Each structure stands twice: as structure tokens, then as C-alpha cells.
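Analysis of the macromolecular model
The primary structure of each chain is shown beneath.
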Amino acid sequence: MSRAPRTLLMGFFLAWFALPFVWLLSAPFSKTPGFRLAFPDFTLENFPRLLETRGALHAFGNSLLLAGVTMIVVGLTATLAAYALSRQSFRGRDLVLYLLVLFSSVVTGVAAVVPLFTITLKLGLLDTHLGVILVLCGGLLPTAMFVIKDFVDGIPRAYEEASLMDGATPWQTFRNVALPLSTGGLAVVSLLTFVSAWDNFLIPYILLRSPERFPASVAIYSFFNELGLPFLNVLAAYALLYTLPVLALYLIIQKVFGFELYGGIKG
Amino acid sequence: MFLTRRLLILFLLPAGLLLFMFLLVPAVWSMGQSFTNFTLLGPDALSLKWLGFENYRRALHDPAFWKSFRVSVIYVAGSALVGQVVVGMLLALLTQGGSGAVLRVLAVMAWIVPGVVVAILWNVYLHGDDGTLNRVLGMVGISGPNWLMDRPLLAIVVFNTWRGAAFSMLLFDAALRSIPASYLEAAAVSGASPWRGFWDVTFPLLRPQLVTDLILITLWTFNDFGPYLLTGGGPGQQTEVLPIYTWRTAFRSFELGYGAALSTILLAVNFVLAVGYQRMLKR
């Protein structure tokens, strides 16, 4: 591309991508609530006001609980399954892998949530955190398993073979040789799983009924619709705090693991 | 033997159970439920009946279904097939060779910031007179419409292009970097314009990534619930994509039988797209 159109296009895209974000950086620190950008009246009082808003902090706790437990369950179960799928060939393994890819991309979004609603209802898990966690795990497991399996596939088998030759049991070999070598993949998967569960709106929105169980995603949405204009700045402060962990975790993944992210794990 | 038989089963069982219960069963359940009049409201709530294909027949004659089907086609075609692909490609080309790091970061931010936050940001951004967009347009003498009320379909298409372009950008960027510079240099030496160089050299080499990109973003955008957070499907039904109509049927009218039929239709479309994607990867 030649110089002038290139610069023009670059300028346009910079503005187009940046403009919607400006309010997120200005409104939390502004005294006058509203949709307008306001810079001159800098204040920090929206953040203490947020603490007084009923349920706001509690919702953060719920998000932390849902995302944290989902991360642990997915991390554990995906590591075990991925190791087995990587190291052991058994009849039907390729079919299992193929079906896993297929179902994970087919059973998604609202189409998955309609039957999942009935299933959690029948299991008596509607309006419980456990129900949300199990459904989140089912959705996030396939991608987690594939990332860890790719990672384990890349580790030479010689280490484990040596360990087995030396008389270690398969479990000891997994626990003391393979697992320590897989921590990189496991860390990336855990962070991505946490972020996906933290972000998720649809599943808790449909499976939870009691406001005191809402995670931040659902709480922010209902605040936006119910509290309205007078609380817009508090809401902006809330949205900013809710976003920060996500940005921090992505930054960590990129800096520490040098990972280019290709989504896929998004809810 | 890395694992004994017992250990193999123990390793696979927990993930297998979760996947079975919350991935496989829902797909089958959706189909089963779609043949019933299952509902949580009204007189039918107590008498579960087998309807056969009645719910699918109903969908075929349901104007609201066809309306949202049309909205979905426009949404996928406009924001994914055209919007994200074209913008993603332009971003990848613009940020080649180190320049445009800020632009890359901004695009990736738009992609990773939680959906609820992004929706609130765009609600504010597009808000009538006070919104940032119309204030900026006002500075150059353009008086913009109330986007979410007057141009809602355009608004969600532009919104989702902004939201998702980073994925296509990253995919194309990786592909571009794998093309040896000598190819384009050779084209330039033999007198080809940069434009010809792009169409005749770069573009054909990007085709595998392009097909991958098209199928994946179609799948994601088709299932995207994002417009709900921005417009709630309104005004009227103007931005009610199929997932929103399905959600409304199942969780606002509580017609879970008919909602399951709509879900099953969505799952069938997803299935075709996913199988197509698998075929492409094998080639």
C-alpha cells in the first residue's frame, strides 16, 4: 500500500477502535454522571460509592467463586484426560477425539443452554452455583483438553520411559515426571479457563434466579438496566474493576508464556 | 505402557462424565424435547404430550422465526463474512513489519474485554445526542441519527465487526509472516503494482487461512448472543437474531418444547458448519 492511503486508513482504524474505550477510562473518574465524556471534574469517589451499592461487591465474590472452582475442576480433569489421550493409544481414541472437536463446536451458545436449562432443572441444580460451574466445565473442557494434549504431545516420551525402566509405577511417572513438565500448558489453560468463566454472561443469566447469587457479569447488566443514569459513573467504575483482572491475566499469558491467542475457548 | 488399564479409566472418567452430561446429553436432549409440548406456563405445563414434528412445522409457518432468520443472515454476512474478514485483513496488512503496535493492542482489547462491558460501552458510545460517536460527528458538522433506534441492524453489524476483527487479524497476520518476502519482491521487480502483488501473490497463499477463518467466525457469529446485550433484540424485532428469538421463546414465554425445536435447528446448522470445517482441515 502506498503512503497516504495507508496513513489515512491507520488513523481511521485507530480512532474507530479507541473511541468506544474512552468513556471507560473517563466516566469512572468523573463527578457528573452521563453519557458525555467529561474530563475536568476528576474524582475518585465513585469507587467508595461502589462499595455501598448493594450487592456489587458480593457479585465480585460470586464471580471469583464460579471462575475459581471452574478453573480448578477443568484444570484437573483436563490434565488427566489429556495425558491419557496423548500417551495411550486405545481402540476408538481417534473417534473420541473427532467427536470431541465436533460436539464442542456444535453444542454452544443459546442452542446448548435450552437443553442445559432442563437438565439442571431435572438435577435440582437450577439457581445454584454448582449447576453453573458444571455447565461451564462441560463447555470449557474440550478446548482445555486439546491445548494440554498438544502440550504433552510435544514432551519427549524418553523421560517417562526412563522413569518406568527405573521401576517407578505409571502413577509415579505421571506425578513426578510428566506433570512437572506440563505445568506451562496447564498454567495457560487455567488462566484462559478462569477468564472465560469470569466473562461468561449467558449461562449464569439463564441458570440463576436469585440476585444474591449473580456473578458480576449479570449484576452489571441488571444494574445498567435498573439503576439508570444517576448511577452511570458507579457502574463505569464497576465495569472497569471487572475488566482489569481479564486484561491482567491476558498480559501475564502474553508476557510469561509468549502465547499468541486464538480464542476458541470463549464461551 | 504408560498407564495401566485401571489408571487409564481413572484418568478419562472425570472429564468423560462431565462431557457426557453437559455436552453430549444436551444435544440429544434438545432433539427429544423438541418433539414435545414441554412448557413451564399455561394449562399445558401439567400435561406433557408427544407432538411429533409439530414444533418444526410450526417453525416453518412462524413469521417471527423467518424474520429472525433473515436478521441472522444479515448479521453473519455483514459483521463476520464481510466486516471481520475485510477489517481483519486490512489490520493484518497495516500492522505488518512492526508498525501499528498500538492498533494491534486496541483491536485485541476490543476482542478480550468482557461482553457485558463492551455492550455497555457501545450503548454509551452510540447514545442519541450525548454519545461519543455523535459528538465526534458533530465536530465535523454531521448530525448523526439515534443509531440504536433508527439504524439498529447497522449498529449491531458494526459493533460485532469491531468486537471480533482481532481474531481474523491474528490469523491472517500469522499467515502473512509465513510468506517469504522474496515472493513479493520478485513480483515488484517484474513490475507488478503493490495491488497486483497482493491479489496475485499474497491472496492465493492466504486461501487456507481464509477458509478456516470464514467457517469459524460464521459458526461463532451465528450463535452469538451479543446483540441482546446491546439492543435486547429491539426495537421491535429488528435486531432479533435467531439465538435471541430462541432465548425469548424458551425463557420468556417458557415454551421449552418449541424452544428446543429452535435450538435443534441451530444445532443442525452448527453441525453442518463444523463438519465442513473438519473436512477443510483434513485437506
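Notes on the structure in this doc start here. Just so you know, these numbers come straight off a predicted model, no measurement behind them.

1. What about the overall build of chain A?
- In terms of regular secondary structure, chain A is built from 12 helices and zero strands.
- The buried share of chain A, taken over its 267 residues, is 52%.
- Sequence-distant contacts in chain A: of pairs separated by 6 or more residues, those separated by 24 or more amount to 72%.
- Surface exposure of chain A reaches about 11900 Å², of which carbon and sulfur atoms provide 68%.
- A gap of 5 Å separates the mean positions of the 17 positive and 14 negative side-chain charges of chain A.

2. Some thoughts on the overall build of chain B
- Helices and strands together make up the secondary structure of chain B, namely 14 helices and zero strands.
- Going residue by residue from the N terminus, the α and β elements of chain B occur as α-α-α-α-α-α-α-α-α-α-α-α-α-α.
- Dimensions of chain B, computed from the C-alpha atoms along their principal axes, are close to 75 × 70 × 35 Å.
- By residue count, 54% of the 283 residues in chain B fall in the buried class.
- A separation threshold of at least 6 residues defines the contact pool for chain B, and within that pool the share at least 24 residues apart is 67%.
- Total accessible area on chain B is roughly 12900 Å²; 69% of this is exposed by carbon and sulfur atoms.

3. Focus on the packing of helix α5 (residues 115-125) of chain B against helix α8 (residues 152-177) of chain B
Residues and elements named next belong to chain B.
- Taken N-terminus to C-terminus, the directions of α5 and α8 make an angle of 135°; their axes are 12 Å apart at the nearest point. Between α5 and α8, the crossing angle belongs to the class labelled oblique. The handedness of the crossing between α5 and α8 is right-handed. Residue-level inspection shows G115, V118 and W122 of α5 in contact with α8, the latter providing V158, F159, W162 and R163.
- For the contact of α5 with α8, a count of residues per class yields five nonpolar, one polar and one charged.

4. Structural notes on the interface of chain A and chain B
- Residue-level contacts link 87 residues of chain A with 92 residues of chain B.
- Three residues, F17, F21 and F35 of chain A, lead the burial of chain A against chain B; their summed loss comes to 9% of the area buried on that side.
- Taken together, the connections running from chain A to chain B amount to zero salt bridges.
- For the pair chain A and chain B, the interface holds six residue pairs in polar contact (both at pLDDT 80 or more).
- Per-element accounting of the side of chain A that touches chain B gives the leading share, 13 residues, to helix α1 (residues 3-26) of chain A.
- Here the residues of the side of chain A that touches chain B are counted per class, giving 64 nonpolar, 12 polar and 11 charged.

5. Things to note about the side chain of T173 of chain A
- Here T173 of chain A lies in helix α8 (residues 170-181).
- Beyond its immediate stretch of four places on either side in the chain, T173 of chain A contacts E160, S163, L164, A168 and A178 of chain A.

6. Thoughts on a nonpolar patch on the surface
Residues and elements named next belong to chain B.
- Side chains of L60, W66, F69 and V73 sit close together on the surface and give an oily, nonpolar patch of about 370 Å² of accessible area.
- With three residues, helix α3 (residues 63-94) is the largest single contributor of residues to the nonpolar patch.
- Mapped onto the elements of the fold, F69 is located in helix α3.
- For F69, a relative accessible area of 33% translates into the label partly exposed.

7. Describing the pattern of salt bridges
All names here are of chain B.
- Inspection of every chain in the model, using the stated rule, returns 10 salt bridges over all chains.
- Here D173 ties to R104 by a salt bridge, and the two come within 3.1 Å at their closest N and O atoms. Here the residue D173 occupies a position in helix α8, and R104 occupies one in helix α4 (residues 101-112), the gap between them amounting to 69 residues.
- Residue D173 is classed as buried on the basis of its relative accessible area of 3%.
- The partner of E240 in a salt bridge is R248, with the nearest N and O atoms 2.7 Å apart.
- Overall, the relative accessible area of 31% leaves R248 in the partly exposed class.

8. Some thoughts on α8 of chain A
- For α8 of chain A, built from 12 residues, the straight-helix expectation of 16 Å at 1.5 Å per residue is met to within 8% by its first-to-last C-alpha distance of 15 Å.
- Taken together, the buried positions of α8 of chain A are occupied by P170, T173, F174, V177 and A178 of chain A. Buried residues of α8 of chain A, viewed axially, fall in a sector of 125°; they line one side.
- Those residues of α8 of chain A hidden inside the fold are in contact with α3 (56-87) and α7 (158-165) of chain A together with α1 (5-33) of chain B.

Cut-offs and rules
- Residues numbered from 1 in each chain as written.
- Chains lettered and ligands numbered in written order.
- Predicted model: local features only at pLDDT ≥ 70, side-chain atom pairs only at ≥ 80, totals over all residues.
- Heavy atoms only, no water.
- Helix = DSSP H or I, 4+ residues; strand = E, 2+ residues; numbered from the N terminus.
- Buried < 20%, exposed > 50% of the residue type's maximum accessible area, 1.4 Å probe, protein only.
- Contact = heavy atoms within 4.5 Å.
- Areas by Shrake-Rupley, 256 points an atom, 1.4 Å probe, with all protein chains shown as cover.
- Lys, Arg positive; Asp, Glu negative; His and termini not counted.
- Charge placed at Lys NZ, Arg CZ, Asp CG, Glu CD.
- Axes fitted to C-alpha atoms, helices over the stretch in contact; angles between N-to-C directions.
- Parallel < 35°, antiparallel > 145°, perpendicular 65-115°, else oblique.
- Left-handed = near helix turned anticlockwise from the far one by under 90°.
- Nonpolar A, V, L, I, M, F, W, Y, C, P; charged D, E, K, R; others polar.
- Buried area = accessible area lost by both parts, 1.4 Å probe.
- Salt bridge = Lys/Arg side-chain N within 4 Å of Asp/Glu carboxyl O.
- Polar contact = N/O pair within 3.5 Å; in protein donor to acceptor, adjacent residues only side chain to side chain.
- Patch = residues over 30% accessible without salt bridge, like charges linked within 9 Å, V, L, I, M, F, W, Y side chains within 5 Å.
- Expected span 1.5 Å × (residues − 1).
- Arc of directions from axis to C-beta.

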